[in-house]
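# Observations on the model geometry
Next come the chains, spelled out residue by residue.
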Amino acid sequence: MIYLDNAATTPMSSAAISAMTQVMQETYGNPSSIHSHGRQAGKLLREARQELAGLLGTKPQHIFFTSGGTESNNTAIIGYCLRHQNRGKHIITTAIEHHAVLEPIEYLVENFGFEVTILKPVNQEITAEQVKNALREDTILVSTMFANNETGTLLPIAEIGELLKNHSAVYHVDAVQAVGKLTILPEELGIDFLSASAHKFYGPKGVGFLYAATTDFDSYLHGGDQEQKKEQEQKTFLQ
């Protein structure tokens, strides 16, 4: 069989399988533990965060590991909007987004009274001009994908990022279909949140990350201190 469904998922690379197998066999400690096994695991986690940050042209403290694109999208969209709903309740997104973006927004609309403007493609494209025309004073989040999973169309990320420099809304980009295929530097592109999933670029399922320029967002996962204890310690760490 010839496999042609890489937009849905990719097979794991031999390098990823080898690295994961070695770590699962030899470095199985809890990275939050203070004993030698934990410290060894923590060292590998820090190195992975540093390497990923280098590829994105950012600092390690802006990288949060997640279970995949869905968790990353939900964390950015719901977490930021609920934290900042006192500033406004308007969101802009597009009709071509993945359900992992559209449904969190729908959740905010149905349960917290948010409003959403959904941009439709014009000549099969979403333009920065559409975003500009949809912006309101109470817009707090713009969320678009980087590359469409069905057509491969690239959205004007840099143009939208430049546009939002003059607005208080933050920019979330679902880059699940782009990370691993394109060079992406979120700070240069004006991206505040960026979601990715490893299984789209020859990594394991159940692993992803969220780039976050700010830690000023709520977490809906409670009871663990993983990922730099975001709610308290990292605020100090970033200052």
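To be clear, the structure that these remarks concern was listed above.
Residues numbered from 1 in each chain as written. Predicted model: local features only at pLDDT ≥ 70, side-chain atom pairs only at ≥ 80, totals over all residues. Heavy atoms only, no water.

## Remarks on a nonpolar patch on the surface
Together, Met12, Ile17, Met20 and Met24 give the surface a local cluster of nonpolar side chains, amounting to about 340 Å² of exposed area. Along the chain, Met12 turns up in the segment before α1 (14-26). (Patch = residues over 30% accessible without salt bridge, like charges linked within 9 Å, V, L, I, M, F, W, Y side chains within 5 Å. Areas by Shrake-Rupley, 256 points an atom, 1.4 Å probe, with all protein chains shown as cover. Salt bridge = Lys/Arg side-chain N within 4 Å of Asp/Glu carboxyl O. Helix = DSSP H or I, 4+ residues; strand = E, 2+ residues; numbered from the N terminus.)

## Thoughts on unusual backbone geometry
Phi is positive for Asn123, close to 55°, though the residue is something other than glycine. Within the element layout of this structure, Asn123 appears in the loop between β3 (115-119) and α5 (128-134). Taking relative accessible area as the criterion, Asn123 reaches 73% and is therefore assigned exposed. Residue Gln124 is not a glycine yet carries a positive backbone phi of 70°. Residue position: Gln124 is located in the loop between β3 and α5. According to the relative accessible area criterion, Gln124 is exposed, its value standing at 70%. (Buried < 20%, exposed > 50% of the residue type's maximum accessible area, 1.4 Å probe, protein only.)

## Remarks on the sheet that holds strand β4 (residues 139-145)
Taken together, 7 strands build an open sheet; the order of strands is β1-β7-β6-β5-β4-β2-β3 and the sheet is mixed. For this open sheet the edge positions go to β1 (63-66) and β3, each flanked by a neighbour on one side alone. If you compare each strand with its neighbour and ignore which way they point, the axes differ by 20° on average. Relative to strand β5 (residues 170-174), β4 is paired through 5 bridges, and the arrangement is parallel. Counted as the bridge partner of Thr144 is Val173 from β5. Sheet strands in contact with helix α3 (residues 69-83) are β1, β2 (90-94), β4, β5, β6 (193-197) and β7 (208-212), and its direction is about 160° off that of β6. The sheet strands contacting helix α6 (residues 157-164) are β4 and β5, and the helix crosses β5 at an angle near 165°. (Pairing = 2+ DSSP bridges. Axes fitted to C-alpha atoms, helices over the stretch in contact; angles between N-to-C directions. Contact = heavy atoms within 4.5 Å.)

## As for the packing of aromatic side chains
Going through the model one piece at a time under the given rule, you end up with 4 aromatic pairs. When the centroid spacing of 6.1 Å and the interplanar angle of 80° are considered together, the rings of Phe64 and Phe217 count as edge-to-face. Taken as a pair, Phe64 in strand β1 and Phe217 in the loop between β7 and α8 (226-229) lie far apart in primary sequence, 153 residues in all. As far as burial versus exposure is concerned, Phe64 and Phe217 are alike and both buried. Ring centres of Phe193 and Phe217 lie 5.6 Å apart, and the angle between their planes is 85°; on these two criteria the pair is classed as edge-to-face. Residue Phe193 is found in strand β6, and its partner Phe217 is found in the loop between β7 and α8; the two are separated by 24 residues along the sequence. Taken together, Phe64, Tyr80, Phe193 and Phe217 form an aromatic cluster joined through their ring pairs. A cation sits over an aromatic face here: Lys89 above Phe114, 5.6 Å from the ring centre. (Phe/Tyr/Trp six-rings, centres within 6.5 Å; stacked < 30°, edge-to-face > 60°. Lys NZ or Arg CZ within 6 Å of the ring centre and 35° of its normal.)

## Re the pairing of β4
Across the 7 residues that make up β4, a large majority, 7, are buried. Across 3 bridges, β2 lies against β4 in parallel orientation. Residue pairing for β4: His90 is matched across the bridge by Thr139. With respect to chirality, the unit in which β4 leads through α6 into the neighbouring parallel β5 is right-handed. (Right-handed = clockwise from strand over helix to strand, strands pointing away.)

## Side note on the environment of Asn74
Along the polypeptide, Asn74 turns up in helix α3. Using a relative accessible area of 16% as the deciding quantity, one classes Asn74 as buried. Apart from the residues within four sequence positions on either side, Asn74 is in contact with Gly79, Ala100, Pro104 and Tyr220. Here the side chain of Asn74 touches Thr70 through a polar contact of 2.8 Å, landing on its backbone oxygen. (Polar contact = N/O pair within 3.5 Å; in protein donor to acceptor, adjacent residues only side chain to side chain.)

Just geometry here; none of it tells us what the structure is for.
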